[in-house]
Amino acid sequence: RITHFVSQDKLTFAVTPEGKGFPLDDTLNKLEERLNAQTFLRVHRSSIVNLNFVEEVHGWFSGRVLIRLKDVAKTEIVVARSRVKLLKDLLGM
């Protein structure tokens, strides 16, 4: 059960709903190739999100949106403008 993958300081982490981050050997680019594109979406150069854990979508600055995840921390991730339409399509919005 992974809510999202995040890249920080040249490390990649798989994050659980409890907020625990587990370091991975793969880059986000490699993960993006292997993950199911109907479930996981690269929303930013540093984040891949499990769409099943998206709780809220809010308008943000400059055509971007902010998503809030269904996890203990209520993690917020800004979605890149180029990914907003695809995100909304996959979420049926």
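Not measured: the values here are computed from a predicted model. (Residues numbered from 1 in each chain as written. Predicted model: local features only at pLDDT ≥ 70, side-chain atom pairs only at ≥ 80, totals over all residues. Heavy atoms only, no water.)

Trainee: How do you make sense of the side chain of threonine 16 when you look at a structure like this?
Mentor: Residue position: threonine 16 is located in the loop between β2 (11–15) and β3 (21–24). Discounting residues that sit within four places of it in the chain, threonine 16 has contacts with Arg1, Thr3 and Phe22. (Helix = DSSP H or I, 4+ residues; strand = E, 2+ residues; numbered from the N terminus. Contact = heavy atoms within 4.5 Å.)

Trainee: Sorry if this is basic, but what is going on with the environment of asparagine 29 here?
Mentor: If you trace the backbone, asparagine 29 turns up in helix α1 (residues 28–34). Once the C-alpha coordinates of asparagine 29 and isoleucine 48 are considered, the two residues, 19 residues apart in sequence, prove to be 9.7 Å apart. At 2.7 Å, the side chain of asparagine 29 forms a polar contact with the side chain of arginine 42. (Polar contact = N/O pair within 3.5 Å; in protein donor to acceptor, adjacent residues only side chain to side chain.)

Trainee: Would you take a moment to explain the nonpolar core for this structure?
Mentor: Soluble, globular proteins show a tendency: their nonpolar side chains are buried together. Formed by Leu41, Val43, Val49, Leu51, Val54, Val65, Ile67, Leu69, Ile77, Val79, Val84 and Leu87, the largest nonpolar core amounts to 12 residues. When residues in this core are grouped by element, the largest group, 3 residues, is from strand β7 (residues 65–69). Discounting residues that sit within four places of it in the chain, isoleucine 77 has contacts with His4, Val43, Ser47, Val49, Val65, Leu66, Ile67 and Leu69. Core analysis: the next-biggest nonpolar cluster, separate from the first, contains 6 residues, Phe5, Ala14, Leu28 and Ile48 among them. (Core = buried A, V, L, I, M, F, W, Y, C linked by side-chain atoms within 4.5 Å. Buried < 20%, exposed > 50% of the residue type's maximum accessible area, 1.4 Å probe, protein only.)

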